[in-house]
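# Structure assessment
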Amino acid sequence: MTRIIVTTSGKGGVGKTTVSANLGMALAKLGQQVALVDADFGLRNLDLLLGLENRIVYTAVEVLARECRLDQALVKDKRQPNLVLLPAAQNRTKDAVTPDQMTLLVNALAQKYHYILIDSPAGIEMGFKNAIAPAKEALIVTTPEISAVRDADRVVGLLEAQGIKKIHLIINRIRPAMVQANDMMSVQDVQELLAIPLIGVIPDDERVIVSTNRGEPLVLSDTPSIAALAFENIARRLEGQTVEFLELDSPNDNIFSRLRKLLWTKIV
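In this text, all values refer to a predicted model and were calculated from it rather than measured experimentally.

Low-pLDDT portions of the prediction should not be read for the details of their coordinates. Of the residues in the protein, 92% have a pLDDT of 70 or more, and the chain-wide mean is 92. Scored below 50 in pLDDT, residues 252-262 makes seven contacts in the model with residues more than four places away or belonging to other chains.

Written out as structure tokens, the structure is:
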């Protein structure tokens, strides 16, 4: 049975597209047939993160206009044959596609692919409505910042109103040293505020930026990293495997940081 999952957040800039690209690639590496759908019409970026921008000929808009077949618009990844991308149109607005049309496209993809990951645009307007319309599950991506968490909470309510009950949380760009210094919300803080099951925690890693600029998802890198392992672990959890969460304690937890945390606790 096809898993149709939307990656969303409400707030922009929290790493939805990075999660979509790496998670899609990680699932493909596990042998699953994966279709990534860019639902961000007008501001597409998923093709850049996958390094497929030069191979786009047709987009979802041409498919809906019957100017090409669906298989003609799908961009195959040479590095990972199990993954394809359905790109969004860059020269159209989010109103160019309706929720019903999006559902039609995704249902057609569901005939062939095991996983369909829909990368939602920021906000809760038309683009968001398009992205969640065909979805059966959702991954909420947030950073440990109060504004991002509040937006994520709003989105959880909208997803539940849409009938999407299977919702999981991904906390992105966590910095253990800042958490221990009480300068950043902890994983537990975010979980308590959102009250949805946690499926992954991704540490802040400059290699994510490097991989994004190169158009090569981190999970394809020959150089191992904790962030890449975190993405791969999320893929395994989606597959139903029991995977322990990574220990993200800061290696810089020296006497000074412990003292600072102790003093902060006493003051509060």
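Considering all chains together, one arrives at seven salt bridges under this definition. Where aspartate 77 meets arginine 79, a salt bridge forms, and the shortest distance between an N and an O atom there is 2.6 Å. Among the residues examined, arginine 79 registers a relative accessible area of 37% and is labelled partly exposed. A salt bridge links aspartate 204 to arginine 175, with the shortest nitrogen-to-oxygen separation between them at 2.7 Å. A residue pair is termed long-range when its members are at least 10 positions apart, and aspartate 204 in the loop between strand 8 (198-203) and helix 10 (206-214) and arginine 175 in the loop between strand 7 (166-174) and helix 8 (176-180) qualify at 29 residues.

Here we take up empty space enclosed by the protein. Taken as a whole, this structure holds one cavity of 30 Å³ or more when the rule is applied. The wall of the largest cavity is formed by Thr18, Ala21, Asn22, Leu49, Val208, Ser211, Thr212, Glu216, Pro217 and Leu218. Listing elements by their share of the lining of the largest cavity, those giving two or more residues are helix 1 (16-29) and helix 10. Considering only residue class, the lining of the largest cavity consists of five nonpolar, four polar and one charged.

Structurally, valine 63 is set in helix 3 (residues 60-64). Taking the C-alpha atoms as reference points, valine 63 and leucine 27, 36 residues apart in sequence, are found 26 Å from one another. The contacts of valine 63, once residues within four sequence positions are left out, are Cys68, Arg69, Leu70, Ala73 and Leu105.

It is worth spelling out the nonpolar core at this point. Counting residues in hydrophobic clusters, the biggest one holds 51 residues, and the most contacted among them are Leu86, Leu109, Ile116, Ile118, Ile140 and Leu159. Looking at which element gives the most residues to this core, the answer is helix 7 (residues 146-161), with five residues. Contacts of isoleucine 116, omitting those with residues within four sequence positions, involve Thr2, Arg3, Ile4, Ile5, Ala35, Val37, Val106, Leu109 and Ala110.

Let us look at the packing of helix 1 against helix 11 (residues 226-238). Following both chains from N to C, one finds helix 1 and helix 11 inclined at 60 degrees, their axes separated by 8 Å at the closest point. Here helix 1 and helix 11 pass one another in a crossing that is right-handed. Contact residues: helix 1 offers Thr18, Val19, Asn22, Leu23, Ala26, Leu27 and Lys29, while helix 11 offers Phe231, Glu232, Ile234, Ala235 and Leu238. Its residues placed into classes, the contact of helix 1 with helix 11 shows eight nonpolar, two polar and two charged.

One pass over the full model with this rule turns up zero aromatic pairs. Over the ring of phenylalanine 245 we find arginine 237; its NZ or CZ atom is 4.0 Å from the centre of that ring.

Turning our attention to the side chain of glutamate 232. Turning to its location among the elements, glutamate 232 is positioned in helix 11. Here the side chain of glutamate 232 touches lysine 29 through a polar contact of 3.1 Å, side chain to side chain. Among all residues touching glutamate 232, those that are not within four sequence positions of it are Ala26, Lys29 and Val219.

Right, let's get into a positive patch on the surface. There is a patch of like positive charges on the surface, built from Arg55, Lys76, Lys78 and Lys112. By the element assignment, lysine 112 lies in the loop between helix 5 (99-109) and strand 5 (115-119). According to the relative accessible area criterion, lysine 112 is exposed, its value standing at 58%.

The rules we used
- Residues numbered from 1 in each chain as written.
- Predicted model: local features only at pLDDT ≥ 70, side-chain atom pairs only at ≥ 80, totals over all residues.
- Heavy atoms only, no water.
- pLDDT = per-residue confidence, 0-100.
- Contact = heavy atoms within 4.5 Å.
- Salt bridge = Lys/Arg side-chain N within 4 Å of Asp/Glu carboxyl O.
- Buried < 20%, exposed > 50% of the residue type's maximum accessible area, 1.4 Å probe, protein only.
- Helix = DSSP H or I, 4+ residues; strand = E, 2+ residues; numbered from the N terminus.
- 1 Å grid on protein atoms, 1.4 Å probe; cavity = no way out; pocket = protein on both sides within 12 Å on 5 of 7 lines; lining within 4 Å.
- Points joined across faces, edges and corners; volume = space filled by probe spheres on them.
- Nonpolar A, V, L, I, M, F, W, Y, C, P; charged D, E, K, R; others polar.
- Core = buried A, V, L, I, M, F, W, Y, C linked by side-chain atoms within 4.5 Å.
- Axes fitted to C-alpha atoms, helices over the stretch in contact; angles between N-to-C directions.
- Left-handed = near helix turned anticlockwise from the far one by under 90°.
- Phe/Tyr/Trp six-rings, centres within 6.5 Å; stacked < 30°, edge-to-face > 60°.
- Lys NZ or Arg CZ within 6 Å of the ring centre and 35° of its normal.
- Polar contact = N/O pair within 3.5 Å; in protein donor to acceptor, adjacent residues only side chain to side chain.
- Patch = residues over 30% accessible without salt bridge, like charges linked within 9 Å, V, L, I, M, F, W, Y side chains within 5 Å.
- Areas by Shrake-Rupley, 256 points an atom, 1.4 Å probe, with all protein chains shown as cover.
- Lys, Arg positive; Asp, Glu negative; His and termini not counted.
- Charge placed at Lys NZ, Arg CZ, Asp CG, Glu CD.

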